[in-house]
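# Inside the fold
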Amino acid sequence: IWTNFFLKKFDQQKEKVTEGAPFYWWKRITPPLEFGAMHAILFQMGIIPFTMSRLTIATASNTGLNRFIPFNRSQRIHIHLGYTWFLVVFFSTILFFLFFGLLCANGEEEFCAKFRSEIIITGYLLFATCLAIGGTSYFRNQIPYEIFYGLHHLVFIMYALAIIHTLDFKG
């Protein structure tokens, strides 16, 4: 998924960014990296709930799919997908701020405008929910279970924020 969307955006950037432009390779590589990461994140957000759906897992365990997908290890799959999702979001956010900050600091106003758009607010909220969910997941054996469980319900808010974030309303 990541590679597919990376390559699509990479080809688009080839047409958009003229050779010799300031920060040419940053502008060619970073948007495809972010675009691929975004779609990988959305895909993971789509499959993570299935790893905790007991009825679906129980039903699927009694089908021929059980030979190919280890449904009896769904909790491990859930944890793996969750940590992978967290790391992709975390590093994608850092790359976003490096890229847009660098170009904004060098006077490219269109990149500065992103820091003043409504999409950045939902991005901050998504990152905050990601940190809360990822942090409590990592420390789940050191904190009370109720805190871990309660904060894990932020995923419902995060899903709503992700929908709003991808819509990117333009005034």
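Residues numbered from 1 in each chain as written. Predicted model: local features only at pLDDT ≥ 70, side-chain atom pairs only at ≥ 80, totals over all residues. Heavy atoms only, no water.

Looking only at helices and strands, one finds eight helices and zero strands in the protein. Reported as C-alpha extents along the three principal axes, the dimensions of the protein are approximately 60 × 35 × 30 Å. The 171 residues of the protein split such that 33% are buried. Intrachain contacts of the protein at a sequence separation of at least 6 include 64% that bridge at least 24 residues. Here the protein displays about 11,200 Å² of accessible surface, and carbon together with sulfur accounts for 68% of that area. Averaged over its 14 positive side-chain charges, the protein has a centre that lies 12 Å from the centre of its 10 negative ones. (Helix = DSSP H or I, 4+ residues; strand = E, 2+ residues; numbered from the N terminus. Buried < 20%, exposed > 50% of the residue type's maximum accessible area, 1.4 Å probe, protein only. Contact = heavy atoms within 4.5 Å. Areas by Shrake-Rupley, 256 points an atom, 1.4 Å probe, with all protein chains shown as cover. Lys, Arg positive; Asp, Glu negative; His and termini not counted. Charge placed at Lys NZ, Arg CZ, Asp CG, Glu CD.)

Before going further, it helps to spend a moment on the side chain of glutamine 13. Its place among the elements puts glutamine 13 in helix H1 (residues 2-16). Judged by its relative accessible area of 6%, glutamine 13 is buried. In this view, glutamine 13 contacts Lys27, Arg28, Pro31 and Pro32; residues no more than four positions away in its chain are not counted.

The interhelical angle for the contact between H1 and helix H2 (residues 24-47), taken along N-to-C directions, is 150 degrees, at an axis separation of 7 Å. Here H1 lies roughly antiparallel to H2, going by the angle between them. The element H1 and its partner H2 pack so that their crossing is right-handed. Of the residues in H2, those touching H1 at Trp2, Phe5, Phe6, Lys9, Phe10, Gln13 and Lys14 are Lys27, Arg28, Ile29, Pro31, Pro32, Leu33, Phe35, Gly36, Ala37, His39 and Ala40. Classifying every residue of the contact of H1 with H2 by side-chain character gives eleven nonpolar, three polar and four charged. (Axes fitted to C-alpha atoms, helices over the stretch in contact; angles between N-to-C directions. Parallel < 35°, antiparallel > 145°, perpendicular 65-115°, else oblique. Left-handed = near helix turned anticlockwise from the far one by under 90°. Nonpolar A, V, L, I, M, F, W, Y, C, P; charged D, E, K, R; others polar.)

Here the focus is the packing of helix H6 (residues 118-138) against helix H8 (residues 154-167). At a minimum axis separation of 9 Å, H6 and H8 run at an interaxial angle of 155 degrees. Taken together, the axes of H6 and H8 are roughly antiparallel relative to one another. In the crossing of H6 with H8, the sense of the turn from one axis to the other is left-handed. Judged by residue contacts, Ile119, Thr122, Gly123, Leu125, Leu126, Thr129, Ala132 and Ile133 of H6 engage Leu154, Val155, Met158, Leu161, Ala162, Ile164 and His165 from H8.

Next up on the list: the nonpolar core. Ranked by internal contacts, the top residues of the largest apolar core, which has 15 residues, are Met45, Trp85 and Met158. Only H2, helix H4 (74-105), H6 and H8 provide two or more residues apiece to this core. Those residues within four positions of methionine 158 in sequence are excluded, and the remaining contacts are Met45, Trp85, Leu126, Thr129 and Ile133. Core analysis: the next-biggest nonpolar cluster, separate from the first, contains six residues, Phe96, Leu103, Phe111 and Ile120 among them. (Core = buried A, V, L, I, M, F, W, Y, C linked by side-chain atoms within 4.5 Å.)

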